[in-house]
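# An overview of the molecular structure
If you want the building blocks of each chain, they are given just below.
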Amino acid sequence: MKNEIIHVYLMPGMAATPKIFEHIKLPESQFKIHLLEWVIPINNESMSDYSFRLSKNIKHNNIVLIGVSFGGVLVQEISKHITVRKLIIVSSVKSIHELPKRMRLAKATKAYKIIPTKLIGNIDLFAKYAFGTNVTKRLELYKKYLSVNDSKYLNWAIKNMVCWNQETCETDIIHIHGEKDKVFPIKYISNCIVVKNGTHIMILSKYKWFNEHLPNLILND
């Protein structure tokens, strides 16, 4: 009997193109990779409504959902609308309790409302906001992967990341996190698989780790 093919859907991080997954390779005899991408939100669209709309792009049943950073938040919301085989988040958070203090402060003071005006059309500033301040040497790399520069999307995305209100998460979620992540510092993260020397962009820099470990993480109960 022919082996069952497991469909794996990948969601990139905030403003990022699916190109961030270009080095992710899974055995084709077992897995089929599908790339999800951001769409422009409708006026005042909630995370729940947005995730439901995006879930319509998923064409298979009992899938594996993998999301990076803000994409990790989104796949958690998508999983509330469909049945998933495995839910995996990378360089992300599982609840508001894992958000760093600066994001909680931005929510309390509504500072997120003024952040996007400084970022639109300025990839240098956005890269520093999204990935941390030490990005100058890799700016050309980020310009390749950060492609969604629509102001409506960026305003929506930053607001919904900072104001995400999930208190608890699914107990069987798999959380992979880098020990040197500066966007979501590891000290705020619990119950995760720690990748040594992994940063917030380890889906790019540590792709060999993911290619080695993802098959077993998906297949093991």
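Bear in mind the structure is a predicted one, so any value in this text is a computation, not a measurement.

What counts and what doesn't
Residues numbered from 1 in each chain as written. Predicted model: local features only at pLDDT ≥ 70, side-chain atom pairs only at ≥ 80, totals over all residues. Heavy atoms only, no water. Helix = DSSP H or I, 4+ residues; strand = E, 2+ residues; numbered from the N terminus. Contact = heavy atoms within 4.5 Å. Polar contact = N/O pair within 3.5 Å; in protein donor to acceptor, adjacent residues only side chain to side chain. 1 Å grid on protein atoms, 1.4 Å probe; cavity = no way out; pocket = protein on both sides within 12 Å on 5 of 7 lines; lining within 4 Å. Points joined across faces, edges and corners; volume = space filled by probe spheres on them. Nonpolar A, V, L, I, M, F, W, Y, C, P; charged D, E, K, R; others polar. Axes fitted to C-alpha atoms, helices over the stretch in contact; angles between N-to-C directions. Parallel < 35°, antiparallel > 145°, perpendicular 65-115°, else oblique. Buried < 20%, exposed > 50% of the residue type's maximum accessible area, 1.4 Å probe, protein only. Pairing = 2+ DSSP bridges. Right-handed = clockwise from strand over helix to strand, strands pointing away. Salt bridge = Lys/Arg side-chain N within 4 Å of Asp/Glu carboxyl O.

### Structural notes on the environment of Asp181
Tracing the sequence through the fold places Asp181 in the loop between β5 (174-178) and β6 (193-195). For Asp181 and Ser91, which are 90 residues apart along the polypeptide, the C-alpha to C-alpha distance reads 7.2 Å. Not counting the four nearest positions on each side in its chain, Asp181 is found in contact with Ser91, Ile186, Gly198, Thr199 and His200. At 2.8 Å, the side chain of Asp181 and the backbone nitrogen of Phe184 are in polar contact.

### So, empty space enclosed by the protein
In the structure shown here, the tally under the stated rule is two cavities of 30 Å³ or more. Taken together, Leu10, Phe21, Ile24, Ile66, Val90, Ile203, Phe210 and Leu214 form the lining of the second largest cavity. Its residues placed into classes, the lining of the second largest cavity shows eight nonpolar, no polar and no charged.

### Quick word on the packing of helix α1 (residues 47-55) against helix α2 (residues 70-78)
Two measures define how a pair of helices packs: the angle their axes make with one another and the distance between the axes. Viewed as axis vectors pointing N to C, α1 and α2 meet at an angle of 80 degrees, and their least axial separation amounts to 8 Å. Comparing the axis directions of α1 and α2 gives the class roughly perpendicular. The segment α1 lies against α2, with Met47, Ser48, Tyr50, Ser51, Leu54 and Ser55 engaging Phe70, Val73, Leu74, Glu77 and Ile78. Each residue belonging to the contact of α1 with α2 can be placed in one class, and the counts come to seven nonpolar, three polar and one charged.

### Focus on unusual backbone geometry
At Asn44, a position not held by glycine, the phi torsion is positive, near 55 degrees. Positionally, Asn44 belongs in the loop between β2 (31-35) and α1. Overall, Asn44 belongs to the exposed group, its relative accessible area being 82%. The phi angle at Asn62 is positive, at roughly 50 degrees, despite the residue not being glycine. Examined against the element boundaries, Asn62 turns out to sit in the loop between α1 and β3 (63-68). By relative accessible area, which is 39% here, Asn62 ends up partly exposed.

### Some words on the sheet that holds β5
Taken in spatial order, the six strands line up as β2-β1-β3-β4-β5-β6 in an open sheet, and their pairing is parallel. Edge positions in the sheet fall to β2 and β6, since each of these pairs with one other strand and no more. Across this sheet, the average inter-strand angle for adjacent strands is 20 degrees, counted without regard to direction. Summarising the sheet, strand β1 (residues 6-11) and β3 pair through four bridges and their orientation is parallel. From the neighbouring strand, Val8 faces β3, where its bridge partner is Val64. Packed on one face of the sheet, helix α9 (residues 207-219) meets β1, β2, β3, β4 (84-90), β5 and β6 and runs near 145 degrees to β4.

### With respect to the pairing of β4
Buried residues dominate β4, accounting for five of its seven residues. With six bridges joining them, β3 and β4 adopt parallel strand pairing. Bridge assignment links Ile63 to a residue of β4, and that residue is Val84. In the classification by handedness, the crossover that spans β3, the intervening α2 and the parallel β4 is right-handed. Both β4 and β5 contribute to a ladder of three bridges, which runs parallel. Looking at the pairing, Ile89 lines up with His175 of β5.

### Things to note about the pattern of salt bridges
Following the criterion strictly, the structure yields four salt bridges and no others. Residue Glu45 is joined to Arg53 by a salt bridge in which the shortest nitrogen-to-oxygen separation is 2.8 Å. The residue Lys80 makes a salt bridge to Glu77 at a minimum N-O spacing of 3.0 Å.

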